[in-house]
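# Examination of the molecular architecture
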Amino acid sequence: MNAIPGIADGALPPGVADWLAQAVASYPNTERAEFLLCTAQALAPECLPVYFALYKFYFYKRMLPQAEEVALHALEIAARQGGFSPDWARLDAHSTDWRRVDAPQHFYLFTLKALAFIRLRLGRSEDSHALLAKLQELDPLDTVGASVIRDLAAD
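These notes cover the structure that comes with them. (Residues numbered from 1 in each chain as written. Predicted model: local features only at pLDDT ≥ 70, side-chain atom pairs only at ≥ 80, totals over all residues. Heavy atoms only, no water.)

The first and last C-alpha atoms of helix α2 (residues 30-43) sit 20 Å apart over 14 residues, in line with the 20 Å expected at 1.5 Å per residue. By the burial criterion, the buried members of α2 are Ala33, Leu36, Leu37, Thr39, Ala40 and Gln41. Residues of α2 that are buried sit in contact with α1 (16-25), α3 (48-60) and α4 (64-82). (Helix = DSSP H or I, 4+ residues; strand = E, 2+ residues; numbered from the N terminus. Expected span 1.5 Å × (residues − 1). Buried < 20%, exposed > 50% of the residue type's maximum accessible area, 1.4 Å probe, protein only. Contact = heavy atoms within 4.5 Å.)

With that settled, the discussion passes to the state of the cysteines. In total, this model carries 0 disulfides according to the counting rule given. No disulfide involves cysteine 38; its nearest neighbouring cysteine sulfur is the one of cysteine 47, lying 14 Å away. (Disulfide = S-S within 2.5 Å.)

Scanning all chains against the criterion turns up 7 salt bridges. The salt bridge involving aspartate 127 is made with arginine 124; its shortest N-O contact spans 3.0 Å. For aspartate 127, a relative accessible area of 29% corresponds to the partly exposed category. Judged by relative accessible area, arginine 124 falls into the partly exposed class, the value being 31%. (Salt bridge = Lys/Arg side-chain N within 4 Å of Asp/Glu carboxyl O.)

The next point concerns the nonpolar core. Formed by 51 residues in total, the largest nonpolar core has its most connected members in Tyr55, Phe107 and Tyr108. Contributing elements (two or more residues each) for this core: α1, α2, α3, α4, α5 (104-121), α6 (125-138) and α7 (146-154). It is α5 that contributes the most residues to this core, 11 residues altogether. (Core = buried A, V, L, I, M, F, W, Y, C linked by side-chain atoms within 4.5 Å.)

With that settled, the discussion passes to the packing of aromatic side chains. For the coordinates displayed, the defined rule picks out 9 aromatic pairs. Where phenylalanine 84 meets tryptophan 98, the ring centres are 5.1 Å apart and the plane angle is 65°; that geometry is what we call edge-to-face. Here tryptophan 98 lies in the loop between α4 and α5 and phenylalanine 84 lies in the loop between α4 and α5, a separation of 14 residues in the sequence. Comparing phenylalanine 84 with tryptophan 98 shows no difference in burial state: the two are buried. With 6.1 Å between their ring centres and 45° between their planes, tryptophan 98 and tyrosine 108 make a pair best called tilted. One end of the pair, tryptophan 98, is in the loop between α4 and α5; the other, tyrosine 108, is in helix α5, with 10 residues separating them in the sequence. Residues tryptophan 98 and tyrosine 108 agree in their burial class; the two are buried. An aromatic cluster of three or more residues is present, and its members are Tyr27, Phe57 and Tyr58. (Phe/Tyr/Trp six-rings, centres within 6.5 Å; stacked < 30°, edge-to-face > 60°.)

Here it is as structure tokens:
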């Protein structure tokens, strides 16, 4: 699980990697995988990779309201860890060093992208477009690949 945007290698607390690996192995069994992911979240409530795994799980299982809820919670935690406002609408290019790819702010940007995609799939295109516009402002080099979602939203 070290390919998570904005997360330094070795960022998982002891045991969490095992819970996440078990969840991946249990993916076809939705109840079991969800239980394992929620257990990992309870054991490590500040661990950003757990939130990444959980919102991706919900998204791929088409449990979009749950994915949105987890992504919103992940934004709050990443903002607290990064020392900036969790309210994306209040952020600007000077809120933090958005270029750091090994820090909570990059995870925050990546999760904003995920939230834009979730809201697009929920049929809330206006919300999605607002998030994508903010991402373009905060990440003009498109380090998190928001342009992919922007292209989907344009169709």
